[in-house]
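# Close look at the chain arrangement
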Amino acid sequence: MTGPARGIAWLSRARLVRGAIVVMVAPWMVTAAGAAAPERRYTIAFANLTEAPGVSLEGTGFSGADVRQSFVLAARTLPVELVFYDNQGDDARAIANAEAAIARKVDLYIQYHRGGTANTAVAQKLKAAGIPVLAVNEPVPGAPLYSLDNAVAGRIAGDALAQFAGRTWAGQPTVAVVIGRVSTSAERVQGVAEALRKRFPAVPVSMLETQGNTAQVAALLGPVLAAQPPRKVLIAATDDATALAAKSAVESAGRARDAAIVGHGVDRSIHGGANDRKELDPNNRASIVLGSVAFYLDRMGYQVLPLAMRMLRGETVPARMVTPHKLITPANVFAEYPPYDMN
Amino acid sequence: MLRATLISAFALIALSSSPVAFAQSDCKSIVKPSPWGPNDQTGATNRVTPAVTKAAAAEIQTGKVTNMSYPLVDGVPLFGSRFTKTILTATSLAPGASFGENQLTYMEDTWLSQSHVGTHLDGMGHIGIKDCYYNQTPMGKFINQNNMTKLGLENLKSFATRGVIIDMVKVFQDAGKLKSNSACKKPCIDKGTVITPADLQAGLKMYNVTLREADMVFIHTGWGDLFEQFPAQNALYNSGEPGLGKDAAAWLASQKVVAVGTDTWAVEVIPSEDPKQAFPVHALLLTDNGIHIIENVRTDLIAAEAASSKRATFFVNMTVPKAVGLTGNFVAVDAIQ
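Small disclaimer: the values here were computed from a predicted structure and weren't measured. (Residues numbered from 1 in each chain as written. Chains lettered and ligands numbered in written order. Predicted model: local features only at pLDDT ≥ 70, side-chain atom pairs only at ≥ 80, totals over all residues.)

With that out of the way, let us pick up the overall build of chain A. Looking only at helices and strands, chain A features 10 helices and 12 strands. Evaluated residue by residue, chain A yields a buried proportion of 41% over its 343 residues. Restricting the contact set of chain A to residue pairs at least 6 apart, pairs at least 24 apart contribute 76%. (Helix = DSSP H or I, 4+ residues; strand = E, 2+ residues; numbered from the N terminus. Buried ≥ 20, exposed ≤ 12 C-beta atoms within 10 Å, placed from the backbone. Contact = placed C-beta atoms within 7 Å.)

Here it is, written out as structure tokens:
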């Protein structure tokens, strides 16, 4: 409906003739397709990191349920039966899940677990059973890996802040802070810092650790916002909840004109439907939250299942594939995440 | 001075009439043309000819009428800022306010509502791609503060045609693939379930129905059970729905139907098959093919009737107000058999 398919010029007579041929041929094609042997259906196991309620994954606002649902939705258009396992963040459970999948004779195993020893054991057991493995976000020996690229995501956030500062505050004293789960998001934080220092080598970059507690954001940002003489403040938040808390802190301090914020994740706390009027909304283009870097954990199934299908069809897949992170702003949020609260 | 003023005026006119000033899209490369010509604003109801209506009338055999509309009342599922509210004017019931010696009294209503609420029809002006709407209409040229000046409901012809109910719940039950939602009191297909061309064809085969040009197709998914529970299940009802995938919609379009109605709020599967596509079935049916969408249709009664009578076809009794410039409106639908 969009892009190339919609790019067809409908008036050309020659194209109309071609269209007519397609229409005439189409019934035969349907019949032929119907007569062909149905495509083999595969059973694919997905062992999730954890599906515990309220537990966020990868330092973002996404949960295991979001990841699982993305597999359910992505499987709708594929010849796939899914079997779900919950690794519960536990090595023994992860190994037991792999054993259960072997007993069930699944065609492929997607492993999302943080634990090198367990992942090695899982790899050995599945290899012995002749079941291919696709690893998600954490390496599994011998398996292709699909993962986030935290360093790239951080650089996208840092670039966005740097470009805004260069465009808006050129020549004005500026500081930068990275706030959130700083210690457990090292690559992300490093990416932000690299991008900022590349553009503004003299701008100091401070790290403010919240350990995921957004109630700490205002207290940690307070001294930065109250410092004299006042300076412009670039804020990279490691997740969306922290970005929203930072915005609140900045506004409470009366410094909204002097701050710009970029988050990471693009979870539902920061974007929503046409009527939700969340922070990232086309009608909110003047927000000091410039955007957030998409991690697409809610679309992981759409990325990973096609790779699994390629493996099952005997195609070679790269040893490492990464999430195509992208800055989501009020200008592109509805294109990237179309709202569906309309009837 | 006069010359300078004239030059300025001409410059302004030139600027304001330039394509750049309107920022219009090339609609001929974005939307299909109408098969009824470049001036067509009617869409698929062009197919409802006298012969079609006469043939459809043959569906009336027992005269039994089955309701296919939900009540329009406060509390039914709506999105966000949408609302529907009535205000009764009954001043003449006050003592002494009746008219004449015969003491005539009267009442009337003020009805405040968006048009796309309850059981309603989506018109040709409801959905576009960029600023391009049905029949390659650059809609930016044809709207004002109050309404559209093209593609309004006043252009529609009759819906006096044959209706067909496809009981998708039965199709899924028979195929052993029904995954109902626990909140449904009767069997329903869960949200996110894609209805395929094969599903539609299985549903038609169930009652030995072959679609005809100008038919109106109604699909029973059971999801409307949540609508009936309003307001308790409004959030769940609105959170997604089972519905047509793009292939199924394209197949229905190829059958040259007039309208597609379901017991859901968008007819199409939500979440969409492609998470980066917004309402692709709406665009396919309305924008590209001029085929109406009817949402929040009460389908359970006619599905039950079809199950007991083994007849899935009926005469459609539905009219649409000649509401000038509107994109859609409430409708009441009856099936007459």
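Another point: the overall build of chain B. Counting its secondary structure elements, chain B contains 10 helices and 15 strands. With respect to the principal axes defined by its C-alpha atoms, chain B has extents near 85 × 65 × 45 Å. For chain B, with 337 residues in total, the buried portion stands at 44%. Pairs at least 24 residues apart make up 80% of the contacts formed inside chain B by residues separated by at least 6 positions.

Residue and element names in this part refer to chain B. Side chains His292 and Ile294 of strand S12 (residues 292–295) all project onto a buried face; the interleaved residues Ile293 and Glu295 project onto the opposite face, where all are buried too. Two strands pair when backbone bridges link them, and strand S4 (residues 120–122) and S12 are joined in this way by three bridges, in the antiparallel orientation. What sits directly across from His120, in S12, is Glu295. Across three bridges, the pairing between strand S11 (residues 259–262) and S12 is parallel. Note on S12: the bridge partner recorded for Ala259 is His292. A crossover connection joins S11 to the parallel S12 through helix H9 (residues 280–289); in handedness this β-α-β unit is right-handed. (Pairing = 2+ DSSP bridges. Right-handed = clockwise from strand over helix to strand, strands pointing away.)

Residues and elements named next belong to chain A. Strands sit in the order S2-S1-S3-S4-S5-S11 across an open sheet of six strands; the sheet is parallel. Each edge of the sheet is formed by a strand with only one pairing partner; in this case those strands are strand S2 (80–86) and strand S11 (320–322). Strand-to-strand twist across the sheet, computed as the mean angle between neighbouring axes with direction ignored, equals 20 degrees. Alignment of strand S1 (residues 42–48) against S2, held across seven bridges, turns out to be parallel. Note that in S2 the partner of Ala45 across the bridge is Val83. Packing of helix H2 (residues 64–74) onto the sheet brings it into contact with S1 and S2, and relative to S1 it is tilted by some 170 degrees. (Axes fitted to C-alpha atoms, helices over the stretch in contact; angles between N-to-C directions.)

Quick look at the environment of Gly59(A) now. Residues and elements named next belong to chain A. If you trace the backbone, Gly59 turns up in the loop between S1 and H2. Along the primary structure Gly59 and Thr210 are separated by 151 residues, whereas in three dimensions their C-alpha atoms are 12 Å apart. If sequence neighbours within four positions are ignored, Gly59 has contacts with Arg181, Thr184, Ser185, Thr238 and Asp239.

Another aspect to go through is the nonpolar core. Counting 89 residues, the largest nonpolar core has Tyr109(A), Ile110(A), Leu134(A), Leu161(A), Ile235(A), Ala246(A) and Ile261(A) as its most contacted members. Structurally, this core is a two-domain feature, drawing no fewer than three residues from each of domain 2 (42–148 + 298–312) and domain 3 (150–294 + 330–336) of chain A. If you look at the next biggest cluster of nonpolar residues, it comprises 79 residues, including Cys188(B), Met216(B), Ala312(B) and Leu326(B). (Core = buried A, V, L, I, M, F, W, Y, C linked by C-beta atoms within 7 Å. Domains from an automatic or database assignment.)

Moving on: the environment of Thr53(B). Residue and element names in this part refer to chain B. Here Thr53 lies in helix H3 (residues 50–57). Sequence-wise, Thr53 and Asn296 are 243 residues apart; in three dimensions their C-alpha atoms are separated by 25 Å. In contact with Thr53, other than residues within four places in its own chain, are Val48, Ser158, Ala160 and Thr161.

Our next topic: the sheet that holds S12(B). All names here are of chain B. Taking strand neighbours across the sheet as the criterion, the nine strands line up as S1-S15-S13-S7-S9-S11-S12-S4-S14 in an open arrangement whose pairing is mixed. Unpaired on one side and paired on the other, strand S1 (65–67) and strand S14 (328–330) mark the two borders of the sheet. Sheet twist, expressed as the average angle between the axes of neighbouring strands with direction ignored, equals 30 degrees.

With that settled, consider the interface of chain B and chain A. Taken together, the 26 residues of chain B in the interface contact 19 residues of chain A. It is H9(B) that provides the largest number of residues to the side of chain B that touches chain A, a total of three residues. Residues of the side of chain B that touches chain A, tallied by class, amount to 14 nonpolar, seven polar and five charged. (Nonpolar A, V, L, I, M, F, W, Y, C, P; charged D, E, K, R; others polar.)

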